[in-house]
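Residue strings, one per chain:
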Amino acid sequence: MFKSIVNLFFPEVCYACLNLLSDNEKTICIDCRHNLPVTNFHFNHDDTVEKVLYGRAKIENGTALFRFEKKSIVQQLIHRLKYKGYENIGSFLGDWLGGELKNLVPYKSIDIVIPVPLHKKKLKKRGYNQTAKFGQQIAKALNADYKADALLKITASKSQVNKKRLARWNNSDELFTLVDSKYIENKHILLVDDIITTGATLEACIAVLNQAKNIKISIATMAIA
C-alpha cells in the first residue's frame, strides 16, 4: 500500500527498459529479466572465464552472470550503473549472483571479496565504484568479508568504452598496488568486476594479489564480452 502511494508521486521504472514497474517488481521488470542472457557458467562447470586468462593468470573458478553484447539490455544496465548513478543495479545483480553462488561448493570456501578498484580521481568524479555494491551483496550471500581497499589503483587510465579489443589487450597503463598482504594470506579471494573482455585488468590485479602468500583467487563479473 505504502509503495503504491510513493509510486504515485515517484514512479519506479525498470532500469533496463525504463517502463514503469508493477508493485511486485524491483529494479528490473519481469519481461527484461526473462530476456537477460544468463551464462549459467557456475552451474554448468563452464571454464570460459578461465580460458580468457589461460596462460596469463591462474584462478580457481570463474563466472559471469550475463553475456555482454552491444545495444543489449545488459549494456543498458551496466551503462546506467556506471554513468547514470543507478547503484541499485549493482545491488540487484550482486543479490542475484550471490544467491546462486552460495549453494555451490567451489564458492563456499571464499573468505574475502575484493572489487577491482577505481583510481581516486575517477572515484571522486563518479562518486562510487560501480562494482562495490555488486561485491558487497555477493560477500553477504557467501558470508565472506568485503575488502574495498585491499587493492589500490595507482594510475588513472582512460575510459575503455570506445577502445577496440586489441587496444584493451595491449593496455599497459593499469597499475595496482596491494595495501596489506598479511590480511589476505592463506585466503580464498573472490575478485569481482563489471565486465571481462580480454581479461587484462583482472590479470593485472591477480598479479598484484599473488604477492601475498598461499592465496587462491576466483573471479565473478556481471558480464563477459
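The rules behind these values
- Residues numbered from 1 in each chain as written.
- Predicted model: local features only at pLDDT ≥ 70, side-chain atom pairs only at ≥ 80, totals over all residues.
- Heavy atoms only, no water.
- Phe/Tyr/Trp six-rings, centres within 6.5 Å; stacked < 30°, edge-to-face > 60°.
- Lys NZ or Arg CZ within 6 Å of the ring centre and 35° of its normal.
- Buried < 20%, exposed > 50% of the residue type's maximum accessible area, 1.4 Å probe, protein only.
- Helix = DSSP H or I, 4+ residues; strand = E, 2+ residues; numbered from the N terminus.
- Pairing = 2+ DSSP bridges.
- Contact = heavy atoms within 4.5 Å.
- Right-handed = clockwise from strand over helix to strand, strands pointing away.
- Axes fitted to C-alpha atoms, helices over the stretch in contact; angles between N-to-C directions.
- Disulfide = S-S within 2.5 Å.
- Salt bridge = Lys/Arg side-chain N within 4 Å of Asp/Glu carboxyl O.

K.L.:
Sorry if this is basic, but what is going on with the packing of aromatic side chains here?
P.N.:
Two numbers describe a pair of aromatic rings. These are the distance of the centres and the angle of the planes. Applying the stated criterion to the full structure yields three aromatic pairs. One aromatic cluster is present, built from ring pairs that chain together Phe66, Phe92 and Trp96. Taking NZ or CZ as reference, Arg33 lies 4.0 Å from the ring centre of Trp96, over its face. Geometry around Tyr183 places Lys147 over its ring, the cationic atom sitting 4.5 Å from the centre.

K.L.:
Looking at this structure, I do not really get the pairing of strand β2 (residues 112-115). What am I missing?
P.N.:
Regular strands place their side chains on alternate faces of the sheet. Alternating positions in β2 separate into two faces, Ile112 and Ile114 on one and Val113 and Pro115 on the other, with burial throughout. The pairing of β2 with strand β3 (residues 145-146) spans two bridges and is parallel. Looking across to β3, one finds that Ile112 is bridged to Asp145.

K.L.:
Got a minute to help me understand the environment of Ala150 in this structure?
P.N.:
Within the fold, Ala150 resides in the loop between β3 and β4 (151-153). Accessibility expressed as a relative area gives 4% for Ala150, which makes it buried. Distance from Ala150 to Val179, taken between C-alpha atoms, is 5.4 Å for residues 29 residues apart in sequence. Ignoring sequence-local partners within four residues, the contact set of Ala150 consists of Ile114, Thr177, Leu178, Val179 and Asp180.

K.L.:
In this structure, what is going on with the pairing of strand β7 (residues 216-224)? I would like to understand it.
P.N.:
A large share of β7 lies buried, amounting to eight of its nine residues. Pairing analysis gives eight bridges linking strand β6 (residues 188-196) to β7, with the strands arranged parallel. Pairing of Val192 across the sheet is with Ala220, part of β7. Once you follow β6 into helix α12 (residues 200-209) and on to β7, the crossover reads as right-handed.

K.L.:
Even after reading the chapter, I still don't get α12, so can you show me in this structure?
P.N.:
Residues three or four positions apart in an α-helix share a direction because the helix packs 3.6 residues into each turn. The buried fraction of α12 is high, at seven of ten residues. Of all the positions in α12, only Ala200, Thr201, Leu202, Cys205, Ile206, Val208 and Leu209 are classed as buried.

K.L.:
What is the right way to read the sheet that holds β3 from this model?
P.N.:
Sheet strands line up and pair through hydrogen bonds in the backbone, either parallel or antiparallel. In space, the five strands of this open sheet follow the order β1-β7-β6-β2-β3, with parallel pairing throughout. Strands at the two margins of the open sheet, each flanked by one partner only, are β1 (62-67) and β3. The pairing of β1 with β7 spans five bridges and is classified as parallel. Bridging across to β7, Arg67 finds its partner in Ile224. Running at roughly 135 degrees to β1, helix α6 (residues 88-101) makes contact with β1 and β7 of the sheet.

K.L.:
Looking at this structure, how should I read unusual backbone geometry?
P.N.:
Excluding glycine, residues mostly have negative phi values, and the peptide bonds linking residues are mostly trans. Within the chain, Asn143 stands out as a residue other than glycine whose phi angle is a positive 55 degrees. Notably, Asn214 is not glycine yet its phi reads approximately 55 degrees, a positive angle. Position of Asn214 relative to the elements: it lies in the loop between α12 and β7.

K.L.:
Could you clarify how one ought to interpret the state of the cysteines in this entry?
P.N.:
A covalent bond between the sulfur atoms of two cysteines is referred to as a disulfide. In this structure the tally under the stated criterion is zero disulfides. With no disulfide partner, Cys17 has as its closest neighbouring cysteine sulfur the one in Cys14, 3.7 Å distant. The thiol sulfur of Cys32 is not disulfide-bonded, and the nearest other cysteine sulfur, from Cys29, lies at 3.6 Å. Taking relative accessible area as the criterion, Cys32 reaches 8% and is therefore assigned buried.

K.L.:
Explain the pattern of salt bridges here, please?
P.N.:
Side-chain pairs of opposite charge can arise where the charged atoms are in close proximity. Under the defined criterion, the tally for this structure stands at six salt bridges. Residue Arg56 pairs with Glu203 through a salt bridge whose shortest N-O separation is 2.6 Å. Residue Arg56 is found in the loop between α4 (48-52) and β1, and its partner Glu203 is found in helix α12; the two are separated by 147 residues along the sequence. Under the relative-accessibility criterion, Arg56 is labelled partly exposed at 25%. Taking relative accessible area as the criterion, Glu203 reaches 25% and is therefore assigned partly exposed.

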